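Descriptive structure summary
Here is how the chains run, residue by residue.
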Amino acid sequence: MELPLTSLKNGETAVIQSTDCRLEGKKLCRNKTKKGCNKKFANELCIKRLTDLGLTPGTKVTVIKSAPFNGPLEISVRGSRLAIGRGMASRILVDVER
Amino acid sequence: MTNNHFTIALAGNANVGKSVIFNQLTGLHQHIGNWPGKTVEKAEGTLHFKGYTIDIIDLPGIYSLSTFSIEELVSREYIATEKPDLVINVVDASLLERNLFFTLQLLELETPLLIALNQIDMAKKKGILIDCQKAEKLLGVPVVPTVAVSGKGVSDMLETAIQVIEKKRKIVPLKPRYGKEIEERIEKLVKILNKTQLKYPSRWVAIKLLDEDKEVEKDVQQVSPKTVTVAQKLRAELEDIHGHSCPTVVTSERYQVASRISKEIQQITKQVKAPLREKLHTATTHKVFGVPIMLAVILAVFVAIFSFGDFASALLGDLFFELKPSFESVFGTGIVGELVWGGLMEGIIGGVTVALPYILPFYFILYLFEDSGYLSRIAFLMDNLMHKMGLHGKAFIPVMLSFGCNVPGCLGCRIMETSRERLLTAFVVTLVPCAATSVIILGLVGNYVGIQWALALYIVNLVIIFVLGRIAFKALPGEPTELIMEMSDYRVPHIKTVAKQTWFRLKEFIVMAFPLIIAGSIVIKIAEVTNLLEPIANLSSPITVAWLGLPAVTGIALIFGVLRKELTLIMLASLLGTTNFALVMTPVQMIVFTLVVMLYIPCVATIGALVKEFGWKKALTITVIEIALALLVGGIAFRLLTI
Ligand SMILES: Nc1nc2c(ncn2[C@@H]2O[C@H](COP(=O)(O)OP(=O)(O)O)[C@@H](O)[C@H]2O)c(=O)[nH]1
Ligand SMILES: [Mg+2]
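What counts, and where the lines are drawn
- Residues numbered from 1 in each chain as written.
- Chains lettered and ligands numbered in written order.
- Predicted model: local features only at pLDDT ≥ 70, side-chain atom pairs only at ≥ 80, totals over all residues.
- Heavy atoms only, no water.
- Helix = DSSP H or I, 4+ residues; strand = E, 2+ residues; numbered from the N terminus.
- Buried < 20%, exposed > 50% of the residue type's maximum accessible area, 1.4 Å probe, protein only.
- Contact = heavy atoms within 4.5 Å.
- Near = heavy atom within 4 Å.
- Polar contact = N/O pair within 3.5 Å; in protein donor to acceptor, adjacent residues only side chain to side chain.
- Areas by Shrake-Rupley, 256 points an atom, 1.4 Å probe, with all protein chains shown as cover.
- Nonpolar A, V, L, I, M, F, W, Y, C, P; charged D, E, K, R; others polar.
- Domains from an automatic or database assignment.
- Buried area = accessible area lost by both parts, 1.4 Å probe.
- Salt bridge = Lys/Arg side-chain N within 4 Å of Asp/Glu carboxyl O.
- Patch = residues over 30% accessible without salt bridge, like charges linked within 9 Å, V, L, I, M, F, W, Y side chains within 5 Å.

The next point concerns the overall build of chain A. The helix and strand tally for chain A stands at 2 helices and 8 strands. Going from N to C terminus, chain A has its helices and strands arranged as β-β-β-β-α-β-β-β-α-β. Here chain A holds 98 residues, and 59% of them are scored as buried. A fraction of 62% describes how many contacts in chain A between residues 6 or more apart in sequence connect residues 24 or more apart.

See below:
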């Protein structure tokens, strides 16, 4: 099942599908030049930072928990523990077996 | 490089132990400043070892050599253009894969390299064993195991470093290889690039062009615009093949190399059960308990610092004032004596009684928190709130500092990643009421009008910060970055490093703020002895009296309060001729006065810090905006409260 990272439950592990797409309502947009998806994409530098930290397609990622008041997510990837903002996290698509 | 004078740069991810190694190597022979024109800290030091003189540079902690943060740009500029004789890549042995990802990029930059495999003690505790010889073979550069905190392996590392620099070891560094599709395209680009003159190696530039690196693209555009167009085409091809953006493909393949190497050289023996540090992490980031714990910790720290500070400050002040008679016997009690004691000496006393009792413990605790890992947990908890102002969680740290003093707050904005965020944070930070402002809020309004009014003022201030933060966030061009931060394991802080960091920060504060505080103090004294106060009061009366409804003398207190904010209340008392403010000011006047003090310009030392970090123009803009704001809010409050 392909879902944004934010919809994983605490403790759930999934495989990253892509980091450079945007959720428009329920529709997924992967190609920024495609029509109808001309709204602002995720900050490209942030995507770069995410991949540099190891969140590349095909990598396993585990959601540990989220901060209080719907704050950032705590995730575990390649043995390190990261905090990432919710907006970014919602643009990471993962494949999860349920 | 001369025969026995080298330059070595330390590079690596954040929290790998670079600073500890740097301190082990350089002791107190260090200089901490900024990279020219950048708000990035630069730590330099010198080491004398077996007849060699070695300059050591501690590069900022980064995860990649791309363009995400100013730190990354500064680091790669430095390595490529200054060409240090050797780069020591400090690697966290317990997080091999991600650290090697960075190592691979250093290899691509074709800089002379040595790897310090640090924290092997921690790795062992986590059940990770690493085969250094195999690592050396696979990476093609020397790998030295170290434990920075105990100094183990550090001299081995130095010996090896010298061997490498003097070319006494044959070294064939690994050239990281990508998949076939990427390699073909790199080769194409290298062929064109070989004809041009660039400060970086061609292969690296080619990779960076595929990586869609805007800075490199700009450089290449100037010498060979054609190459940029070719690269664009090649990127589109790769995107079609892989179905991801080209930078993601390149990064992904580089990670595959890192992953393969790390699997080959490390052996994971056992998974240890969650130790204390894991439990601590769970508690301090807990959904329910995390925030209360944080508030309790911050409150405890502030109470501790202020009660210690008040005590120590009074003690130091008394000590200094015992000197007064001897000064008077030397300089007399005339104008000269007044200037020397009341201007110069009281300025120095003012500085010392703030710096030592308050700023020193403040920095110490801050670095203790940073080194232990708690600061990143605070950022994690506060992210959501800061987000409402367009900032992310890390910005909470300078804001928190500013409740003590705006100067460290401004300097603390360096932890933000982009210059846009640094400026935004600095703006917010200068609106936070510092300890000196709190003295006025509590001493004037809290004492004479009522504590609930003092609290209301704090709330008004927070609301204004919030609203203005949002406006500035919308007004400043550029995109916001979100929180992406590592929360490394909790550790017992390394006291020596913490102490050194505190010392260098304190030094920075003294060098920057003291001259301004002393000059301010002398200016005030001169104005006093030359009878300038009266004209100043009259000159400012259209604003103070007509617009704000305050007594005319408050103009003097407000203007000179910029120079010595902590003296505003004392100054006001002496101008009004009484410390019982209730006799001379109405409650409304007290509230309006305090509001203006709270919001108008940060003190002169803070302006100094702003100039240092952002330049004159931005410092001036922030100052002017805040004066206008203070007068506006003050005037409105006066009219609202007197309806
Ligand atoms: N156990 C252990 N801790 C270390 C070692 N090296 C550094 N540390 C700790 O790791 C943390 C980060 O170190 P620091 O030098 O500030 O990292 P930097 O960000 O690379 O400058 C500090 O708490 C150090 O005390 C080591 O070899 N072993
Ligand atoms: Mg450091």
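There's plenty left to go through after this.
Glancing now at the site of ligand 1. Residues and elements named next belong to chain B. Every one of the 18 residues lining ligand 1 counts as a neighbour, but Asn-15, Lys-18, Ser-19, Val-20 and Asp-121 are closest to it. Between ligand 1 and Val-16 there is a distance of 3.1 Å, counted from an oxygen atom to a backbone nitrogen or oxygen. Between ligand 1 and Asp-121 there is a distance of 2.8 Å, counted from a nitrogen atom to a side-chain nitrogen or oxygen. When isolated, ligand 1 has an accessible area of 580 Å², and the protein chains bury 90% of it. Of all the secondary-structure elements, those providing two or more residues to the shell around ligand 1 are helix H1 (18–26) and helix H4 (120–125). In terms of residue count, the dominant contributor to the shell around ligand 1 is H1 (3 residues). When its residues are assigned to classes, the shell around ligand 1 shows 7 nonpolar, 7 polar and 4 charged. Both domains that meet at the shell around ligand 1, namely domain 1 (5–165) and domain 3 (290–434 + 478–518), each give it at least three residues.

Opposite the 44 residues of chain B that make contact, chain A presents 43 residues. Interface area, chain B with chain A, both sides summed: about 3,600 Å², of which 55% is carbon and sulfur. Across the chain B-chain A interface, the total number found is 5 salt bridges. The salt bridge partner of Arg91(A) is Glu482(B), with a shortest N-O separation of 3.8 Å. Summed over the shared surface of chain B and chain A, the number is 19 residue pairs in polar contact (both at pLDDT 80 or more). Those elements that provide at least two residues to the side of chain B that touches chain A are helix H3 (96–108), helix H11 (246–265), helix H12 (276–284), helix H16 (374–387) and strand S10 (484–486) of chain B. Ranked by the residues each element gives to the side of chain B that touches chain A, the list is headed by H11(B), at 6 residues. For the side of chain B that touches chain A, the class distribution of residues is 14 nonpolar, 17 polar and 13 charged.

All right, on to the side chain of Glu74(A) then. Structurally, Glu74(A) is set in strand S6 (residues 73–77). Of note is the side chain of Glu74(A), whose polar atom sits 2.8 Å from the side chain of His281(B). Among all residues touching Glu74(A), those that are not within four sequence positions of it are Thr62(A), Val63(A), Ile64(A), Lys65(A), Arg81(A), Leu82(A), His281(B), Thr285(B), Phe380(B) and Met487(B).

This paragraph deals with the pattern of salt bridges. Residue and element names in this part refer to chain B. According to the stated counting rule, one finds 36 salt bridges over all chains in the structure shown. Here Asp-211 ties to Lys-208 by a salt bridge, and the two come within 3.3 Å at their closest N and O atoms. Connected through shared salt-bridge partners, Glu-41, Arg-414, Arg-505, Glu-508, Lys-612 and Glu-613 make up one network.

All names here are of chain B. Taken together, the side chains of Trp-453, Ile-543, Trp-547, Leu-632, Ile-636, Leu-640, Leu-641 and Ile-643 define a hydrophobic patch exposed on the protein surface, amounting to about 800 Å² of accessible area. Only helix H24 (541–547) and helix H30 (616–641) provide two or more residues apiece to the nonpolar patch. In terms of residues, the nonpolar patch owes the most to one element, H30, which gives 4 residues. By the element assignment, Leu-641 lies in helix H30. Given a relative accessible area of 35%, Leu-641 falls into the partly exposed group.

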